[in-house]
Amino acid sequence: MVQNVKQIGPQRFRETFGRHYEQFEIGDVYEHRPGRTITETDNIWFTLLTMNTHPMHFDEQYAKASEFGKCIVCSPFTVALMVGMSVTDVSQKAIANLGWQDIKMTYPLFAGDTLTAESEVLAKRESAKRPGAGIVTVKTKGFNQDGTLVCEFTRVMLIAKDGHSVEERVGY
C-alpha cells in the first residue's frame, strides 16, 4: 500500500495513496495488504447481488456432491477482491481501467480462506492521446493462506502523471 503524507498547511497533513505514472517501474512487485478472510455471508451476498444462480456458491447439499465437497467462492468475487486490494498500490490515481486480460482461476477458494494478492508491473508507456497520463500494465496474482495461487489476471490502466490527477485538481 503506497501511503504518503502531504502538508496542506502549518502543522496540518493529509494522507494520500497510490502512484502517479512516473512512480511505476517495470519489474516491481507490490504485495497488497491487508489480506481478506472470506466468509460464507460474503460469498452468498455477492452471488445474490450479481444474480449468479449457480448452486455451487450457496447450496451446501448440492455442493457436497461436487468434487470439492462444499461450496466454492464465486470466481468474480475473487477477482473483485483482488482488484480492490490492489487499488491503493496500482490504481488509486487511475483515470480509467482499460481492460482485464487472461483471467485464470487456478484453484478454488472456500469460506474461511484468506486471500492475499500481489501485482507485478509488466509494462508502461506514455499515452499517445493524453499528455498528462500513461498506460500501465500489471499482472495481479491472488493466493490463499497456504500460498497456493488461486487466480491471476493482467490489468491495463490509464494512470495520471504527477500534477495531472483528479486528486490534485480538487485538492483532495
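Our subject is the structure that appears above.
For the structure given in this document, a descriptive report is provided here. Model, not experiment: these values are computed from the prediction.

Observations regarding the overall build of the protein chain
Step number 1: Looking only at helices and strands, the protein chain features 4 helices and 7 strands.
Step number 2: Principal axes of the C-alpha set define a box for the protein chain whose edges measure 60 × 40 × 30 Å.
Step number 3: Split into buried and exposed, the 172 residues of the protein chain put 42% on the buried side.
Step number 4: Entry remark: accessible area of the protein chain is about 9700 Å², with carbon and sulfur atoms responsible for 52%.
Step number 5: When the 19 positive and 21 negative side-chain charges of the protein chain are each reduced to one mean point, those points stand 7 Å apart.

Details of the pattern of salt bridges
Step number 1: This model, assessed by the stated rule, comprises 5 salt bridges.
Step number 2: For K161, the salt bridge goes to E126, with nearest N and O atoms at 2.2 Å. Here E126 lies in strand 5 (residues 114-126) and K161 lies in the loop between strand 7 (149-160) and helix 4 (166-170), a separation of 35 residues in the sequence.

With respect to the state of the cysteines
Step number 1: For the structure on display, the rule yields 0 disulfides.
Step number 2: No disulfide involves C74; its nearest neighbouring cysteine sulfur is the one of C71, lying 11 Å away.

A closer look at the sheet that holds strand 5
Step number 1: Strand order in the open sheet made by the 5 strands is 3-5-6-7-4, with antiparallel pairing throughout. In this open sheet, the two strands that pair with only one neighbour each are strand 3 (29-37) and strand 4 (94-105). The sheet shows a mean angle of 20° between the axes of neighbouring strands, direction not considered.
Step number 2: In the sheet, strand 3 pairs with strand 5 via 6 bridges, with the strands oriented antiparallel. Each bridged residue has a counterpart across the sheet, and for T37 the counterpart in strand 5 is T114.
Step number 3: Relative to the sheet, helix 3 (residues 75-91) contacts strand 3, strand 4, strand 5, strand 6 (133-143) and strand 7, its axis offset from that of strand 7 by approximately 45°.

A few points about helix 3
Step number 1: Of all the bends in helix 3, the greatest, near 40°, is centred on M85.
Step number 2: By the criterion of burial, helix 3 is predominantly enclosed, with 12 of the 17 residues buried.

Quick word on a nonpolar patch on the surface
Step number 1: A contiguous nonpolar patch, built from W45, L48 and L49 and spanning about 430 Å² of accessible area, is present on the exposed surface.
Step number 2: Here L48 shows up in helix 1 (residues 40-49).
Step number 3: In this structure L48 comes out as exposed when scored by relative accessible area, which is 61%.

A few points about the side chain of N43
Step number 1: Mapped onto the elements of the fold, N43 is located in helix 1.
Step number 2: N43 gets classed as buried once you look at its relative accessible area, which sits at 4%.
Step number 3: If sequence neighbours within four positions are ignored, N43 has contacts with H57, I72, V73, C74 and F77.

Conventions used here
- Residues numbered from 1 in each chain as written.
- Predicted model: local features only at pLDDT ≥ 70, side-chain atom pairs only at ≥ 80, totals over all residues.
- Heavy atoms only, no water.
- Helix = DSSP H or I, 4+ residues; strand = E, 2+ residues; numbered from the N terminus.
- Buried < 20%, exposed > 50% of the residue type's maximum accessible area, 1.4 Å probe, protein only.
- Areas by Shrake-Rupley, 256 points an atom, 1.4 Å probe, with all protein chains shown as cover.
- Lys, Arg positive; Asp, Glu negative; His and termini not counted.
- Charge placed at Lys NZ, Arg CZ, Asp CG, Glu CD.
- Salt bridge = Lys/Arg side-chain N within 4 Å of Asp/Glu carboxyl O.
- Disulfide = S-S within 2.5 Å.
- Pairing = 2+ DSSP bridges.
- Axes fitted to C-alpha atoms, helices over the stretch in contact; angles between N-to-C directions.
- Contact = heavy atoms within 4.5 Å.
- Bend = angle between axes of the 7 residues up to and from the residue.
- Patch = residues over 30% accessible without salt bridge, like charges linked within 9 Å, V, L, I, M, F, W, Y side chains within 5 Å.

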